[in-house]
Amino acid sequence: MDASKFMPDEAMVASIAVDLERYNGERAVAQADVRRRRILYFGGYTLAMALVAAVMAWLLVETDADAFGFVIPVAAFCIFGYWIVAGIASAPARRLQQSFRDTLLPRIFGFVGDVSYAHGRQPPSFSRLPRVATGHFNRTKFQDVIAGRYEGFEFELYETTLTYKGNKSSNTVFDGVVLAFRLTRRFPGTLVAVKSEPGIVRFFRDLFDRSGLETIEAADPALAGLYEFRSDNPEAARPLVSGRFTQALDWLKDAWPGSLARVALQGEDGFLLIPTTKDFFELPHISVETDYQAHVEPIVAEMVTLLATAALVRQVTGEADAAR
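Residues numbered from 1 in each chain as written. Predicted model: local features only at pLDDT ≥ 70, side-chain atom pairs only at ≥ 80, totals over all residues. Heavy atoms only, no water.

A. Quick peek at the pairing of strand E7 (residues 262–275). Burial of E7 is extensive: eleven of the 14 residues sit out of reach of the surface. In this structure, strand E4 (residues 170–195) lies alongside E7, joined through twelve bridges in antiparallel fashion. Within the sheet, the bridge partner assigned to Thr190 lies in E7 and is Gln266. (Buried < 20%, exposed > 50% of the residue type's maximum accessible area, 1.4 Å probe, protein only. Helix = DSSP H or I, 4+ residues; strand = E, 2+ residues; numbered from the N terminus. Pairing = 2+ DSSP bridges.)

See below:
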């Protein structure tokens, strides 16, 4: 789509330019504050760790203990401590950027009706997201959450990281953007299009699977090697898997190269999941002067592409369901 027609009008651009000028002035102050805090905090922490090391060395000499058993844990603690201190020192920059984004993002998405923005909150639609589309997880992290209405349908778009943490390991099952939207027609059950797994992995998954989903063969051989289609209502799912729905998946493959998008349908809800490490709505580092054309317009263009993608999936699923 041509994103230029979705850009803010001249009056809004002029208003944003004034805010950008003020933000860039505050940004320079915040950057200097972060620099001072780093010198103070890192210096203080280094002195504290030097004192701890001196005490530990004295104790090791006095007790004739094994030094190796102490050095590794203490070194790990020191490194972790520096990471914590760096985060505390950078807090003014993070607060300033988040405050500016709180007001900027709803304004630049003027083409979205009833637009709202939040950060770090779980969106309501997340509880309805089929877990078979993400994989099992027990840790969630949410960043930007944008909701509104586009081309007649309501949506929620959010950046999330889903992780399964065990006793000795941690595995990220999904990291990227989820776009939830209402379907034109209710799908009677659950249908997911996810990355195709190797045969042996699929065998053991199916052996212990309790989801009740059945694998459906794709009509397009090219997509069959990339996607696996699973549903608890094969009769309703087959027209979708054999129709324009698969053409939309092929378009998604080209629109988001390097990130095989997943799609899930369940009842009245549709979900588009795009795995990516990119932060779509982030401002540049505090050391970089923020520019409207270089940094703000690309955010609008990416939002347009995401919503246009959801609209396409919504349209083709509705057409296939009507044909059925």
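After that view, the rundown keeps rolling.
B. Layout of helix H3 (residues 91–108). Spanning 18 residues, H3 covers 26 Å between terminal C-alpha atoms, matching the ideal 26 Å at 1.5 Å per step. Maximal helix bending in H3 amounts to about 30 degrees, located at Arg101. Buried residues of H3: Ala91, Pro92, Ala93, Leu96, Gln97, Gln98, Phe100, Arg101, Leu104, Leu105 and Ile108, and no others. (Expected span 1.5 Å × (residues − 1). Bend = angle between axes of the 7 residues up to and from the residue.)

C. Focus on the packing of helix H1 (residues 10–63) against H3. H3 packs onto H1 with a crossing angle of 170 degrees between their chain directions and a minimal axis gap of 8 Å. Judged by the angle between their axes, H1 and H3 are roughly antiparallel. Mapping the contact onto sequence places Met12, Ser15, Ile16, Asp19, Leu20, Tyr23, Glu26, Arg27, Ala30, Asp33, Val34 and Arg37 in H1 and Ala91, Pro92, Ala93, Leu96, Gln97, Phe100, Leu104, Arg107 and Ile108 in H3. Of the residues belonging to the contact of H1 with H3, the class tally is 13 nonpolar, two polar and six charged. (Axes fitted to C-alpha atoms, helices over the stretch in contact; angles between N-to-C directions. Parallel < 35°, antiparallel > 145°, perpendicular 65-115°, else oblique. Contact = heavy atoms within 4.5 Å. Nonpolar A, V, L, I, M, F, W, Y, C, P; charged D, E, K, R; others polar.)

D. Focus on the packing of aromatic side chains. Per the counting criterion, the structure on display carries 17 aromatic pairs. When the centroid spacing of 6.5 Å and the interplanar angle of 65 degrees are considered together, the rings of Phe229 and Phe245 count as edge-to-face. Of the two residues, Phe229 is situated in strand E6 (residues 227–231) and Phe245 in helix H7 (residues 244–255); the sequence distance between them amounts to 16 residues. Members of the aromatic cluster, joined through ring pairs, are Phe6, Phe109, Phe111, Tyr150, Phe153, Phe181, Phe280 and Phe281. The residue whose ring lies beneath Arg131 is Phe126, and the NZ or CZ to ring-centre distance is 4.9 Å. (Phe/Tyr/Trp six-rings, centres within 6.5 Å; stacked < 30°, edge-to-face > 60°. Lys NZ or Arg CZ within 6 Å of the ring centre and 35° of its normal.)

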